[in-house]
Amino acid sequence: MSNETNEMKVVDQYGSIVYNRSVFSAIARNVIDESKNAKVAETSKLYRFDRLSWIEDGKLYVSIPVRVNCNANVSDVCASLQNKIYESIEYMTDYKPESIEIKVVGFIF
């Protein structure tokens, strides 16, 4: 049975910080918003902003629906986004995501 929560606690030598899952979603969204070849797909009710990330059994999972520029290499764009999201979350929160999934749901023409 999985244990899904809304918060993640990070403890270090100075104390502890509790992050809500929306923090991780906002970081991922900001990374994609800075990309010139992809945009977050917001047209579907299935991909609500608060469900872009979740915490299960103490591990962070991120799944983001995107639309990719039709002239861009989809594999390169997705790999780049995964790396940037991972680095941003690790840098800003000192936590390493277990999985980052980029779902291509359409194209930008």
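Quantities reported herein were computed from a predicted structural model and do not represent experimental measurements.

K.L.:
Mind laying out the packing of helix α1 (residues 21-34) against helix α2 (residues 74-93), listing which residues take part and the relevant values?
P.N.:
One can describe the packing of α1 onto α2 by two numbers: an axis separation of 9 Å at closest approach and a directional angle of 135 degrees. Relative to α2, the element α1 lies oblique. Relative to α2, α1 is oriented so that their crossing is right-handed. For the pair α1 and α2, contact is made by F24, I27, A28, V31 and I32 and by L81, K84, I85, S88, I89, M92 and T93, respectively. Each residue belonging to the contact of α1 with α2 can be placed in one class, and the counts come to 9 nonpolar, 2 polar and 1 charged.

K.L.:
Pulling in residues and values, what's your account of the environment of D33?
P.N.:
Looking at the secondary structure, you find D33 in helix α1. With relative accessibility at 40%, the residue D33 sits in the partly exposed group. Each residue touching D33, except ones within four places of it in the same chain, is listed here: K39 and V40.

K.L.:
For unusual backbone geometry, give the residues involved together with the corresponding values.
P.N.:
As a rule of thumb, non-glycine residues mostly have phi less than zero, and peptide bonds are mostly trans rather than cis. Not every positive phi belongs to a glycine, and D57 is a case in point at roughly 55 degrees. Inspection of the secondary structure assignment puts D57 in the loop between β5 (53-56) and β6 (59-69). Overall, the relative accessible area of 46% leaves D57 in the partly exposed class. Within the chain, D94 stands out as a residue other than glycine whose phi angle is a positive 60 degrees. Residue position: D94 is located in the loop between α2 and β7 (99-108). D94 gets classed as exposed once you look at its relative accessible area, which sits at 61%.

K.L.:
I'd like a description of the pattern of salt bridges, backed by residues and values.
P.N.:
Taken as a whole and judged by the stated rule, the model has 2 salt bridges. Its salt-bridge partner being K96, residue E90 comes within 3.8 Å of it at the nearest N-O pair. For E90, a relative accessible area of 28% puts it in the partly exposed group. Two residues, K103 and E101, come together in a salt bridge whose shortest N-O distance is 3.8 Å. The class of E101 is partly exposed, set by a relative accessible area of 37%.

About the criteria used
- By convention here, each chain's residues receive numbers from 1 onward along its written sequence.
- Selection of residues for local features in this predicted model requires a pLDDT of at least 70, selection of side-chain atom pairs for listing and counting requires 80 or more, and totals for whole chains, interfaces and linings are taken over all residues.
- Note: side-chain values were computed over all heavy atoms of the structure, leaving out hydrogens and water.
- Helix axes are fitted only over the stretch in contact, all axes being lines through C-alpha atoms; the angle between N-to-C directions runs from 0 to 180 degrees.
- In DSSP terms, a helix is any run of H or I states spanning at least four residues, a strand is any run of E spanning at least two, and both are numbered starting from the N terminus.
- Any angle that is under 35 degrees is reported as roughly parallel, and any over 145 degrees as roughly antiparallel; angles of 65 to 115 degrees are reported as roughly perpendicular and all others as oblique.
- By convention, the crossing between two helices is left-handed when the near helix turns anticlockwise from the far helix through less than a right angle, and right-handed when the turn is clockwise.
- The contact definition used throughout considers only heavy atoms, calling two residues in contact when any of these lie within 4.5 Å.
- When residues are grouped by polarity, Ala, Val, Leu, Ile, Met, Phe, Trp, Tyr, Cys and Pro land in nonpolar, Asp, Glu, Lys and Arg in charged, and all others, Gly among them, in polar.
- Exposed residues in this analysis have more than 50% of their type's maximum accessible area, buried residues have under 20%, and partly exposed residues fall in between, with area computed by a 1.4 Å probe over protein chains only.
- Every case where a carboxyl oxygen of Asp or Glu lies within 4 Å of a side-chain nitrogen of Lys or Arg is listed as a salt bridge.

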